[in-house]
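# Examining the three-dimensional arrangement
What follows is each chain in one-letter form.
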There are 2 protein chains.
Amino acid sequence: MGNDSQNRNNSRATWIGVRDAIHARILCRDYGPGARLPRDEELAEQFGCARTTVQRAMRDLQDKGLIERRRKGGTWVRQHPVTRATFEIPVIRQEVEEKGRTYGYQLVHQEVAQPPLDVQANFGSWAAGPMLQVQAIHLADHRPYVYEDRWVCLQTVPDIREADLQRESANEWLVRHQHYDRLDLRIYARKATERDAGLMGIAGGEALLVLERTTWIDQRLITSVRSITRPDYQLVAST
Amino acid sequence: MGNDSQNRNNSRATWIGVRDAIHARILCRDYGPGARLPRDEELAEQFGCARTTVQRAMRDLQDKGLIERRRKGGTWVRQHPVTRATFEIPVIRQEVEEKGRTYGYQLVHQEVAQPPLDVQANFGSWAAGPMLQVQAIHLADHRPYVYEDRWVCLQTVPDIREADLQRESANEWLVRHQHYDRLDLRIYARKATERDAGLMGIAGGEALLVLERTTWIDQRLITSVRSITRPDYQLVAST
DNA sequence: GAGTGGTCTAGACCACGGC
DNA sequence: CCGTGGTCTAGACCACTCG
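Residues numbered from 1 in each chain as written. Chains lettered and ligands numbered in written order. Predicted model: local features only at pLDDT ≥ 70, side-chain atom pairs only at ≥ 80, totals over all residues. Heavy atoms only, no water.

## Here's the deal with the side chain of aspartate 196 of chain B
Residue and element names in this part refer to chain B. Worth spelling out the cut-off: Starting at the N terminus, helices and strands are each numbered in turn, a helix being any DSSP run of H or I of at least four residues and a strand any DSSP run of E of at least two. Exposure classes here rest on a 1.4 Å probe applied to the protein chains alone. A residue is buried below 20% of its type maximum, exposed above 50%, and partly exposed in between. Side-chain atoms alone can form a polar contact between residues adjacent in sequence; in general such a contact is a pair of N or O atoms within 3.5 Å, and within protein one must be able to donate a hydrogen while the other accepts it. In what follows, residue pairs with any heavy atoms lying within 4.5 Å of each other are defined as contacts.
Note on placement: aspartate 196 falls in helix H7 (residues 194-200). The class of aspartate 196 is buried, set by a relative accessible area of 5%. Among the polar contacts made by the side chain of aspartate 196, one reaches the main-chain amide nitrogen of threonine 193 at a distance of 2.9 Å. Contacts of aspartate 196, omitting those with residues within four sequence positions, involve Arg190, Lys191, Leu208 and Ile228.

Here it is as structure tokens:
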């Protein structure tokens, strides 16, 4: 280890090379926590590359939460690097099928109603009128996999009235018919109620992972869904 | 809505403008799921900007999971857009103090031992020797907030033997002395054992959110920690 | 082989935000 | 005000991968 630094060879510097070199300097405390890094232009000279290339490298380090940049303020090594991890949450059918299991779906309940306050809490300042509530179970190999309790905004997505939610899950219908441009996600654990237990085929009082997702388009509410997973469900992310 | 498309004004196109215009075309199904987008160069002509600018816009859409790009293959709208959400997991002291609460810390147990198999499962092919086990509680306003059960690799981080873990948590010591370049994260729910309950000051059988983090540097294991949070703990992310 | 995205450059101007 | 990062450009070459 420890070549890096200047671009001594005639080989052209790549932004990944520059990024790793700077990363290394941070790790070995050449640039310690709270330290200020040289200006992009100066680093570009050091590495014998264009300023754009340094910029590209810096953006990556910034996305990783390692540094902070501000115009005029310059670039700084973060005092307390945050851990940033990105999860991918696929469409449930796809997730099941990619595991080589058989996907199934069952509608449990559907009605137009006023969402309760704990659901409305996810809506921010959005004034909720009556919404379509859809409760359904996604199955993997004919056994409960995820139970979802969803509220769909009929004002934003009126066409869903025409959808046949016996056949196709609201999850998939929405993916095909209504994209979103903002997503709020909340994850927590809670004990399975007797109803949960019956639906999921587990014992009451089990610990369940709950995902609450609310999506928006153009500031307008699309849907808010609370997904309850089986006790053995895990979310996995890397770097 | 709905101007966009060509850059009719003399105003210079920004990559954000280009991104939003393309995003809009995807939303309104000008480019529907599975459709192929024009080549970057052609889009650049359409928008009256440089190809670099289109690239920048495309990278953003790609990061959001909306499109796929391949050399020679071109750019495609994803059939099933994945939901990508990024969490920030701060140093616990900081998290507590930012909420305006008083941070506290208490060491529960510390010894050198062989990690059990369920911990080693996080190590991949890494052959674990004896490691330093550190169990500790983080407090907020003098009440249990997070309990962590940590294993530190003495081979990779020998200096931690010198640390005074009565005073400073291994969490903070490691943040200051040992950066990582890879992180694996696993999140799930589990019932509180009697021991958990006693430590966290809650009832047995409560549902707890568990975070397992394993970090690495240069392919070498640094630490693996299982953090148990209070039942009311939530992870929150926004697109 | 050839088409497409990925990267690099050198230079210009802009926008934010300390001083 | 003015230093610093952010963006845009036009053009060149490279690298992957599909046919």
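What follows continues from the structure just given.
## Re the protein's contact with DNA strand D
Our working definition: In these notes, residues near a molecule or strand are those with any non-hydrogen atom within 4 Å of it.
If you check the shell around DNA strand D, you find 24 residues, and the closest are Arg69 and Lys72 of chain A together with Thr14, Trp15 and Thr53 of chain B. The share of sugar and phosphate among atoms of DNA strand D within 4 Å of the protein is 69%. Within the contact set of DNA strand D, a phosphate oxygen lies 3.2 Å away from a side-chain nitrogen or oxygen of arginine 39 of chain A. Note that a base oxygen of DNA strand D is positioned 2.6 Å from one of the side-chain N or O atoms of arginine 51 of chain A. Secondary-structure elements contributing two or more residues to the surface near DNA strand D are helix H3 (51-63), strand S2 (67-70) and strand S3 (74-77) of chain A together with helix H3 (51-63) of chain B.

## Considerations on the protein's contact with DNA strand C
Within the structure, DNA strand C sits among 24 residues, and Thr14, Trp15 and Thr53 of chain A together with Arg69 and Lys72 of chain B are positioned closest to it. Of what DNA strand C places within 4 Å of the protein, 69% of the atoms are sugar or phosphate. The side chain of arginine 51 of chain B places a nitrogen or oxygen atom 2.6 Å from a base oxygen of DNA strand C. Of all the secondary-structure elements, those providing two or more residues to the surface near DNA strand C are H3 of chain A together with H3, strand S2 (67-70) and strand S3 (74-77) of chain B. For the surface near DNA strand C, the leading source of residues is H3 of chain A, giving three residues.

## Quick look at helix H1 (residues 15-27) of chain B
Residue and element names in this part refer to chain B. Here is the rule: Between the first and last residue of a helix there are one fewer steps than residues, each counted as 1.5 Å, and that sum is the expected span.
Taking 1.5 Å per residue as the helical rise, H1 with its 13 residues ought to reach 18 Å, and the 18 Å between its terminal C-alpha atoms agrees with that figure. Buried residues of H1: Val18, Arg19, Ala21, Ile22, His23, Arg25 and Ile26, and no others. Turning to H1, the residues buried within the fold contact strand S1 (36-37), helix H2 (40-47), H3, S2 and S3. Just beyond H1, the residue with positive phi is arginine 29, at close to 70°.

## Describing the packing of aromatic side chains
Stated formally: Here is the rule: rings of Phe, Tyr and Trp (six-membered ring for Trp) pair when centre to centre is within 6.5 Å. Planes less than 30 degrees apart are stacked, more than 60 are edge-to-face, and the remainder are tilted. The criterion is that NZ of a Lys, or CZ of an Arg, lies within 6 Å of the ring centre and within 35 degrees of the ring normal, and then a charge sits over that ring.
By the definition in use, this model includes three aromatic pairs over all chains. Residues phenylalanine 87 of chain A and phenylalanine 87 of chain B carry aromatic rings whose centres are separated by 5.4 Å and whose planes lie at 80° to one another, so their mutual orientation is edge-to-face. Here phenylalanine 87 of chain B lies in strand S4 (residues 83-89) and phenylalanine 87 of chain A lies in strand S4 (residues 83-89), a pairing that spans two chains. Across this residue pair, the class does not change: phenylalanine 87 of chain A and phenylalanine 87 of chain B are buried. Geometrically, the ring pair formed by tyrosine 145 of chain A and tyrosine 233 of chain A is edge-to-face, given 6.1 Å between the ring centres and 70° between the ring planes. With tyrosine 145 of chain A in strand S7 (residues 143-153) and tyrosine 233 of chain A in the loop between strand S10 (220-229) and strand S11 (235-238), this pair connects stretches of sequence that are 88 residues apart. We note that tyrosine 145 of chain A, like tyrosine 233 of chain A, is buried. When the ring centre of tryptophan 15 of chain A is taken as reference, the NZ or CZ atom of arginine 56 of chain A above it lies at 3.9 Å.

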